[in-house]
Amino acid sequence: MGSLSAKELEFIFGLLGNIISFLVFLSPLPTFYTIWKQKSSNGFQSIPYSVAFFSASLLLYYAFLKTNAYMIVSINGIGCVVEAIYLLIYLMYAPKKSKIFTVRLIVFLNIGGLGLMTAVSLLAFKGPKRVSFVGWVCAIVNIAVFAAPLSIMRQVIRTKSVEFMPFTLSFFLTLCAITWFFYGFFVRDYYIAMPNVLGFLFGVVQMILYMIYKNAKKVGEPNLDRELEQNRDVENNTSNVIEEAI
């Protein structure tokens, strides 16, 4: 039995990437089941799901430009649908202020940001240069998404608690980064491969932190009121940035 060809390895890693990414997309289901059951957003933020919706939409556009990128089309098409459902549930049960913030964020990212990027790519670039431009935008956005857990890692070190950084999610995100890196490598798509190097490194660091602090004594018990106040501050600051940009 001969070794696998690059085309076969591309298919294997693309398929694994789809499966693992699908499981990652489903990981917030318990959160949204709680929101639906209690008919309240319970202080949860919509920012991660709005950003995930934007990222999936951006990658979907990139895949259509690239052509024959069926693995990228399939998972990001599913991702757009899943994240849209999450956001719809959130909008149904969030307080009025959070609803307004979420709608503004979706408009800012998916209509303003994605619309502007699409217009620039169509008007200013042609052929391979258009694919390259959108690929760089996707890579930068994905690097920013992978860097997002830095705040959670800082919280783990500060509180010596892994309550908000479950090992299973960190493990699957690391696996996800590995599979998409190799998919990008075998199809020679470095806009896909490059950000996943950073994703792998952050995933490994998260798992190491989990092993260090999983049995550590907490510095202090989590304060729900303080957490909710911090969430409101994040929403207010982000809302101000959006208003200034508009």
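Report follows, based on the coordinates.

Reading guide: rules and limits
- Residue numbers run consecutively from 1 along every chain, following the written order of its sequence.
- Side-chain atom pairs in this predicted model are given and counted only at pLDDT of 80 or more, local residue features only at pLDDT of at least 70, and totals for whole chains, interfaces and linings cover all residues.
- The basis for the side-chain values is all heavy atoms of the structure; hydrogens and waters are excluded.
- Numbering of helices and strands starts at the N terminus; helices are DSSP runs of H or I of at least 4 residues and strands are runs of E of at least 2.
- Think of it in three bands: with a 1.4 Å probe and only protein chains considered, a residue is buried below 20% of the maximum accessible area for its type, exposed above 50%, and partly exposed in between.
- We call two residues contacting when some pair of their heavy atoms lies within 4.5 Å.
- Here the accessible surface of atoms and residues is derived via Shrake-Rupley with a 1.4 Å probe, and residues count as covered only by protein chains that are part of the display.
- Axis angles are defined between N-to-C directions and span 0 to 180 degrees, where every axis is a line fitted to C-alpha atoms and, for a helix, only to the segment in contact.
- For classification, angles of less than 35 degrees are called roughly parallel, those exceeding 145 degrees roughly antiparallel, those between 65 and 115 degrees roughly perpendicular, and all remaining angles oblique.
- Crossing chirality is assigned from the near helix's rotation relative to the far helix, an anticlockwise turn below a right angle marking it left-handed and a clockwise turn marking it right-handed.

## Some thoughts on the overall build of the protein
Secondary structure summary: the protein contains 10 helices and zero strands in total. Shown N-terminal to C-terminal, the secondary structure of the protein runs as helices and strands in the order α-α-α-α-α-α-α-α-α-α. By residue count, 39% of the 246 residues in the protein fall in the buried class. Contacts spanning at least 24 positions in sequence make up 77% of the contacts within the protein whose residues lie at least 6 apart. Accessible area for the protein stands at about 14,100 Å²; split by element, carbon and sulfur atoms hold 70% of it.

## Structural notes on the side chain of threonine 102
Relative to the elements of secondary structure, threonine 102 occurs in helix H5 (residues 96-124). Residue threonine 102 is classed as buried on the basis of its relative accessible area of 0%. Filtering out sequence-adjacent residues up to four positions away, threonine 102 remains in contact with Ser46, Ser50, Leu87, Tyr90 and Leu91.

## Some points on unusual backbone geometry
The backbone of threonine 67 shows a phi angle near 65°, a positive value even though the residue is not glycine. Position of threonine 67 among the secondary structure elements: in the loop between helix H3 (47-66) and helix H4 (70-93). Positive phi, normally seen in glycine, also occurs at arginine 188, with a value near 60°. Among the structural elements, arginine 188 can be located in the loop between helix H8 (167-186) and helix H9 (190-213). Taking the relative accessible area as the measure of exposure, arginine 188 reaches 68% and is therefore exposed.

## Concerning the packing of H8 against H9
Viewed as axis vectors pointing N to C, H8 and H9 meet at an angle of 155°, and their least axial separation amounts to 8 Å. It follows that H8 is roughly antiparallel to H9 by the angle criterion. Crossing geometry of H8 relative to H9 is assigned as left-handed. In this structure, H8 contributes Phe167, Ser170, Phe171, Thr174, Cys176, Ala177, Ile178, Trp180, Phe181, Tyr183, Gly184 and Phe185 to the contact, and H9 contributes Ile192, Ala193, Asn196, Val197, Gly199, Phe200, Gly203, Val204, Gln206, Met207, Tyr210 and Met211.

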